[in-house]
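Letter by letter, the chains look like this.
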Amino acid sequence: MSAAGLVCMPNSLLAQTDMRAVTARIADIQLLPDDYGKTQIWGFDGIAPGPEIRVTQGARVQRRIVNELPDPTSTHWHGIRIDNAMDGVAGLTQDAIRPGDSFDYDFVVPDAGTYWYHAHNRSFEQVARGLQGALIVEEPEPIDIDHEEVLILDDWRIDPETAQIADTFGAMHDLSHAGRLGNYITTNGVYNLAKHVKRHERLRLRLINASNARIFQLALEGLEGWIVAMDGMPLATPQPVEGPFLLSSAQRVDLIVDVTAEVGSAGHIVQLSRDESFSQVAFEVTGDGTSARRGTPQPLPPNAHAMPDLGSARDIALLMEGGAMGGMRGAMMGGRMSSMRDMMETGNFWAFNGAVGGMDVPA
Ligand SMILES: [Cu+2]
């Protein structure tokens, strides 16, 4: 990937400099419902998610990350094919930015799609404290939608007594199970996010999972949808959403959805969790849209040169096993890990999670 990641910068772009500062800092925000106190987070410009970066394909992105945190940090541009020097992996592609210092990131985005940026030093702590935001690269030509929403799903591990982020980073129990799972789930930093839409409107939903470890199992209700891109890359053919789909940590899924719920009711992105389901995002239908429903959406334009030649690719089985609870091998479909889609379709996904016992987070 290193050769593919080298991006030539046109001279015309090099001439323009617009190094905007983004400050990674501590802030107190109203993360929990109003009857709780404020929560101290670490955020880009003191918010979580951080400020959205939105550019057009081929544009140059320049950001001076100023570190006002108590710890060293760095910023990684997740999914962007980028020169290694700008990739932001502390200890590998750059030294961590020390408290009081800054680092200038400067790169061109070669591919349209839904990406994100996040801290990449002690990520298991710094991302969990809130250092993440969306990086949206628009297609050169607008696509046929009425509007779009960027939806950053996250979970937080909160001590309900203090309303503060639980200081249990790197806990051995988490490391040996399913990772650090939170007990408070948000979209765009809000619990029970609601949006207003009109019936028959066509939306593009850019889903980003910014949580450390939670694999969201999602479904649509009152919305008819198609997956049009995964991890920033367009699908050749939009895939109709006919059942639950997964959004793993750091993964992005772009949906095009038509609002089919009746006026006065709501469509939902539903989160399925064991035997229960919750509204992750509500789309309250406040009126009839002006247009009738459209047909099946067109695929997004492909990103040239983004995909390697898959014709000569080999299938390699990836065996993942371990965990502190034992018996995991038996839960893994005969010891061979299939894709998440297979696990979802066979219903073995939650058996897998149950076997590793990772869902029993403190309430
Ligand atoms: Cu990442």
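Further up the page is the structure itself.
Explain empty space enclosed by the protein here, please?
Per the stated rule, a full pass over the model turns up two cavities of 30 Å³ or more. Volume-wise, the largest cavity comes out at about 70 Å³. What lines the largest cavity is V127, A128, D154, D155, W156, R157, R180, L181, G182, S211 and N212. Split into classes, the residues belonging to the lining of the largest cavity amount to four nonpolar, three polar and four charged.

Got a minute to help me understand the sheet that holds strand β7 (residues 113–119) in this structure?
Strand pairing within a sheet occurs via backbone hydrogen bonds; the two strands may be parallel or antiparallel. Spatial ordering of the open sheet is given by β3-β8-β7-β5, a layout of four strands whose pairing is mixed. In this open sheet, the two strands that pair with only one neighbour each are β3 (53–56) and β5 (75–78). Strand after strand, the sheet turns through a mean of 20° between neighbouring axes, direction not considered. For β7 and strand β8 (residues 132–138), the ladder comprises six bridges, and the chain directions are antiparallel. Paired with G113 across the bridge in β8 is V137.

I keep staring at the coordination of the copper ion and nothing clicks. Help me out?
Around a metal, the perfect tetrahedron of four donors has angles of 109.5 degrees, and the perfect octahedron of six donors has angles of 90 or 180 degrees. Of the protein atoms, only H78 (ND1) and H118 (NE2) coordinate the copper ion, at distances of 1.9 Å. Placement of H78 in strand β5 and of H118 in strand β7 is noted, with a sequence separation of 40 residues between them. A relative accessible area of 7% places H118 in the buried class.

Would you explain the side chain of R180 in this entry?
Within the fold, R180 resides in the loop between α4 (172–175) and β12 (184–187). Here the side chain of R180 touches A166 through a polar contact of 2.8 Å, landing on its backbone oxygen. In this structure, R180 is in contact with F124, A128, R157, I165, A166, T168, F169, D174, N212 and A213, ignoring residues within four places of it in sequence.

What should I look at first to understand the pattern of salt bridges in this one?
Once the charged atoms of two side chains with opposite charge are near each other, the side chains can pair. Per the stated rule, a full pass over the model turns up 25 salt bridges. R294 is the partner of D144 in a salt bridge, and the nearest nitrogen-oxygen pair spans 3.1 Å. Placement of the pair is D144 in the loop between β8 and β9 (147–156) and R294 in the loop between β21 (276–288) and α5 (340–346), with a sequence separation of 150 residues. In this structure, D258 engages R202 in a salt bridge whose closest nitrogen and oxygen atoms are separated by 2.7 Å. Placement of D258 in strand β19 (residues 252–259) and of R202 in strand β14 (residues 202–209) is noted, with a sequence separation of 56 residues between them. Of the two residues, D258 and R202, both sit in the buried class. Through salt bridges that share partners, E52, R54, E138, E139, E148, R204, R206 and D254 make up one connected network.

Just checking my understanding: could you explain the pairing of β12 for this structure?
In the case of a regular strand, side chains alternate between the two sheet surfaces. Of the two faces of β12, both are covered, the one formed by Y184 and T186 as well as the one formed by I185 and T187. In this sheet, β12 lies alongside β9 in antiparallel orientation, the contact comprising four bridges. Paired with D155 across the two strands is I185, which belongs to β12.

I tried to follow the nonpolar core on my own but got confused; where do I start?
Grouped burial of nonpolar side chains is what soluble globular proteins tend to show. Counting residues in hydrophobic clusters, the biggest one holds 26 residues, and the most contacted among them are W77, I80, F107 and L135. Residue assignment for this core shows that the elements contributing at least two residues are β1 (20–29), β2 (39–44), β3, β4 (60–67), β6 (102–108), β7 and β8. At three residues, the largest contribution of residues to this core is made by β7. Aside from chain neighbours lying at most four places away, what touches I80 is F107, V109, P110, Y115, L135 and V137. Core analysis: the next-biggest nonpolar cluster, separate from the first, contains 25 residues, L193, F245, V253 and V281 among them.

Looking at this model, I keep getting lost on the packing of aromatic side chains. Mind explaining?
For any two aromatic rings, the description comes down to two numbers: the centre-to-centre distance and the angle of the planes. All chains considered together, the criterion is met by six aromatic pairs. Arranged with centres 5.4 Å apart and planes meeting at 70°, the rings of W77 and Y105 form a pair that is edge-to-face. Linking W77 in strand β5 with Y105 in strand β6, this pair joins segments that are 28 residues apart in sequence. Given a relative accessible area of 0%, Y105 falls into the buried group. Aromatic pair Y184 and Y191: ring centres 5.6 Å apart, planes at 25°, arrangement stacked. Judged by relative accessible area, which is 45%, Y191 ranks as partly exposed. Every member of this aromatic cluster is reached through a ring pair, and the members are F44, W77, F103, Y105, F107 and Y117. Here the basic side chain of R129 rests over the ring of W42, its NZ or CZ set 4.8 Å away from the ring centre.

Conventions used here
- Residues numbered from 1 in each chain as written.
- Predicted model: local features only at pLDDT ≥ 70, side-chain atom pairs only at ≥ 80, totals over all residues.
- Heavy atoms only, no water.
- 1 Å grid on protein atoms, 1.4 Å probe; cavity = no way out; pocket = protein on both sides within 12 Å on 5 of 7 lines; lining within 4 Å.
- Points joined across faces, edges and corners; volume = space filled by probe spheres on them.
- Nonpolar A, V, L, I, M, F, W, Y, C, P; charged D, E, K, R; others polar.
- Pairing = 2+ DSSP bridges.
- Helix = DSSP H or I, 4+ residues; strand = E, 2+ residues; numbered from the N terminus.
- Axes fitted to C-alpha atoms, helices over the stretch in contact; angles between N-to-C directions.
- Donors = N, O, S within 2.8 Å, 3.2 Å for Na, K, Ca; no water.
- Buried < 20%, exposed > 50% of the residue type's maximum accessible area, 1.4 Å probe, protein only.
- Polar contact = N/O pair within 3.5 Å; in protein donor to acceptor, adjacent residues only side chain to side chain.
- Contact = heavy atoms within 4.5 Å.
- Salt bridge = Lys/Arg side-chain N within 4 Å of Asp/Glu carboxyl O.
- Core = buried A, V, L, I, M, F, W, Y, C linked by side-chain atoms within 4.5 Å.
- Phe/Tyr/Trp six-rings, centres within 6.5 Å; stacked < 30°, edge-to-face > 60°.
- Lys NZ or Arg CZ within 6 Å of the ring centre and 35° of its normal.

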